[in-house]
Amino acid sequence: MKILNTLSLLSLAVIGSKAMKNISSKELVKDLTIGWSLGNTLDATCFETLDYNKNPIASETCWGNVKTTQELYYKLSDLGFNTFRIPTTWSGHFGDAPDYKINDQWLKRVREIVDYALNTGGYAILNIHHETWNHAFQKNLDSAKKILVAIWKQIAAEFADYDEHLIFEGMNEPRKVGDANEWNGGDYEGWSFVNEMNDLFVKTIRATGGNNALRHLMIPTYAACVMDNAVNNFKFPSGDDKVIVSLHSYSPYNFALNNGAGAISNFNDGSEIDWVMNIINSNFISKGIPVIIGEFGAMNRNNEDDRERWAEYYIKKATSLGIPCVIWDNGYFEGEGERFGLINRSTLQVVYPKLVNGLIKGLGNSIKTRTTVRKTTTTTSQSQPTNDNSCFSVNLGYSCCNGCEVVYTDSDGKWGVEN
């Protein structure tokens, strides 16, 4: 049935009222189990082939993925995922200086997808992705600051009444694109840029007030990487217990990400994963600083058994340190590119069930049994016995609940509680 216990009703009430819990990010991440990223979708860019003025939301499908649905998120929730990262590119969807106004249709579509994720009872992470205006060069800093403030003020206002289930991530992999230091952990110029932008992001969100004063925020190291020089030169804000470090780690590199010489399809050595987790632990976790690995994955090489072992090993290591991980799914399964597809978004078929099994096994006993609230409305009814002998619920795949108290009403009918 749609609602099974009083705990679910409490969750529904919280969602409806948007009550904001005043808890630390250290406490919040304990409720995050395994995450999934809506890759190559809202973050897709097709500036040369699309007229963004004519159809502001067409970019969602311009990299080949289908339009996102509520059913996709319900399926993922049923599989055990409770954290949903929504990478979003805003370039092409906002106007000129000084307002940099976000297109209303685009913002509405982003909000719809955020709601899809939150309707599962889980968490959503909304960010700024694939942008070109925030490349980490000193010459870009002044203009990048103006755009960051303008864009995040509008996002914060749009989601001002959302509770702690919505997390904001300031930037995605900010780095010196095209520079020799792009992927090697950065340099002073890059570190300074990222630290200043992170600081401004936190201050901008906090200044909008309301629920955003308590909003949980994710900020990255240079390129969101776990290299020593990036981590050692990262500045974490003091005096704010609702900030989380955002890191990405496709490890071991030759197994997980490398698409060229040196790539391997067998997973037999977890030492690189161990090194990553040790760096995170010594620099952050051991100091009481929460971390989310916002991207990780291992691309398909027709090696699902190895990827299952890898997933279990990776998640078991991260979970032992209290680090939630969000797997990257770009919807691509074959070809020469990065093949990180996990679920067919058209049919909702899990293409690699063993890989998902490995993720869940890695969580061990940390995964929580929960009831998914299929939220279509927040209408409630006064308690009264249900005696609908037609049992409309059977046609919807749920058992009859005659004689139960009515706790939820939607367009289908009245729903009750039955243990």
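Shown above is the structure to which this text applies.
Residues numbered from 1 in each chain as written. Predicted model: local features only at pLDDT ≥ 70, side-chain atom pairs only at ≥ 80, totals over all residues. Heavy atoms only, no water.

A. Broad picture of the overall build of the protein. In terms of regular secondary structure, the protein is built from 12 helices and 10 strands. The buried share of the protein, taken over its 419 residues, is 55%. Sequence-distant contacts, at least 24 apart, represent 73% of the contacts inside the protein between residues at least 6 apart. (Helix = DSSP H or I, 4+ residues; strand = E, 2+ residues; numbered from the N terminus. Buried < 20%, exposed > 50% of the residue type's maximum accessible area, 1.4 Å probe, protein only. Contact = heavy atoms within 4.5 Å.)

B. Molecular detail of the nonpolar core. Trp 36 and Trp 90 are the most contacted members of the largest nonpolar core, which totals 95 residues. Ranked by residue count, the leading element in this core is helix 5 (residues 141-158), at nine residues. By size, the runner-up hydrophobic cluster in this structure holds 10 residues, among which are Val 29, Leu 32, Tyr 123 and Val 326. (Core = buried A, V, L, I, M, F, W, Y, C linked by side-chain atoms within 4.5 Å.)

C. How the structure looks around empty space enclosed by the protein. A complete count under the given rule lists one cavity of 30 Å³ or more for this structure. Looking at the largest cavity, its volume works out to about 40 Å³. Ala 298, Arg 307, Ile 327, Trp 328, Phe 340, Gly 341, Leu 342 and Leu 355 together form the lining of the largest cavity. Taken together, the residues of the lining of the largest cavity break down into six nonpolar, one polar and one charged. (1 Å grid on protein atoms, 1.4 Å probe; cavity = no way out; pocket = protein on both sides within 12 Å on 5 of 7 lines; lining within 4 Å. Points joined across faces, edges and corners; volume = space filled by probe spheres on them. Nonpolar A, V, L, I, M, F, W, Y, C, P; charged D, E, K, R; others polar.)

D. Looking closely at the layout of surface pockets. By volume, the largest pocket is sized at about 950 Å³. Looking at the largest pocket, it is lined by 36 residues, and the ones nearest its centre are Glu 173, Trp 183, Ala 223, Tyr 250 and Leu 257. Considering each element in turn, the lining of the largest pocket owes the most residues, three residues, to helix 9 (residues 271-283).

E. Layout of the environment of Ala 263. You can see Ala 263 is positioned in the loop between helix 8 (253-256) and helix 9. In contact with Ala 263, not counting residues within four places along its chain, are Asn 254, Asn 258 and Arg 301.

F. Structural detail: unusual backbone geometry. The omega angle of the peptide bond from Ala 97 to Pro 98 is 5 degrees, so this bond is cis rather than trans. Tracing the sequence through the fold places Pro 98 in the loop between strand 2 (83-86) and helix 4 (104-118). Although it is not a glycine, Glu 173 sits at a positive phi angle of roughly 45 degrees. As for its placement among the helices and strands, Glu 173 is situated in the loop between strand 4 (166-169) and helix 6 (188-207).

G. Layout of helix 9. With 13 residues, helix 9 ought to run about 18 Å at 1.5 Å a step, and its terminal C-alpha atoms sit 18 Å apart, in line with that. The set of residues buried in helix 9 consists of Ile 273, Val 276, Met 277, Ile 279, Ile 280 and Asn 283. Along the long axis of helix 9, the arc covered by the buried residues comes to 155 degrees, so they all point the same way. Where helix 9 is buried, its residues touch helix 7 (228-232), strand 6 (243-248), strand 7 (291-296) and helix 10 (304-320). (Expected span 1.5 Å × (residues − 1). Arc of directions from axis to C-beta.)

H. Seen up close, the packing of helix 9 against helix 10. Relative to each other, helix 9 and helix 10 sit at 20 degrees, their axes nearing to 10 Å. The orientation of helix 9 with respect to helix 10, classified from their angle, is roughly parallel. Along this stretch, helix 9 crosses helix 10, giving a crossing that reads as right-handed. Along its contact with helix 9, which presents Ile 273, Asp 274 and Met 277, the element helix 10 presents Trp 310, Tyr 313, Tyr 314, Lys 317 and Ala 318. Looking at the contact of helix 9 with helix 10 residue by residue, the class counts come to six nonpolar, no polar and two charged. (Axes fitted to C-alpha atoms, helices over the stretch in contact; angles between N-to-C directions. Parallel < 35°, antiparallel > 145°, perpendicular 65-115°, else oblique. Left-handed = near helix turned anticlockwise from the far one by under 90°.)

I. The packing of aromatic side chains, seen in detail. By the definition in use, this model includes 16 aromatic pairs. Relative to Phe 284, the ring of Phe 234 has its centre 5.9 Å away and its plane inclined at 85 degrees; by these criteria the two rings are edge-to-face. Taken together, the positions of Phe 234 in the loop between helix 7 and strand 6 and Phe 284 in the loop between helix 9 and strand 7 put the pair 50 residues apart, joining distant regions of the chain. Accessibility assignment for this pair places Phe 234 and Phe 284 in one class, buried. Aromatic side chains Phe 333 and Tyr 352 sit 6.3 Å apart centroid to centroid with 40 degrees between the ring planes, which places their arrangement in the tilted category. (Phe/Tyr/Trp six-rings, centres within 6.5 Å; stacked < 30°, edge-to-face > 60°.)

J. Examining the state of the cysteines more closely. Summed over all chains, the structure comprises one disulfide. Paired through a disulfide, Cys 46 and Cys 62 show a sulfur-sulfur distance of 2.1 Å. On the S-S bond that ties Cys 46 to Cys 62, the torsion sits near 95 degrees, and the link is right-handed. Residue Cys 46 is located in the loop between strand 1 (34-38) and helix 3 (70-79), and its partner Cys 62 is located in the loop between strand 1 and helix 3; the two are separated by 16 residues in the primary sequence. You can call Cys 46 buried: its relative accessible area is 9%. With a relative accessible area of 24%, Cys 62 lands in the partly exposed category. (Disulfide = S-S within 2.5 Å.)

K. Looking closely at the pattern of salt bridges. Inspection of every chain in the model, using the stated rule, returns 21 salt bridges. Between Glu 27 and Lys 30 there is a salt bridge, and its shortest N-O distance comes to 2.9 Å. Between Glu 182 and Arg 175 there is a salt bridge, with its nearest N and O atoms 2.9 Å apart. For Glu 182, a relative accessible area of 13% translates into the label buried. Arg 175 gets classed as buried once you look at its relative accessible area, which sits at 17%. (Salt bridge = Lys/Arg side-chain N within 4 Å of Asp/Glu carboxyl O.)

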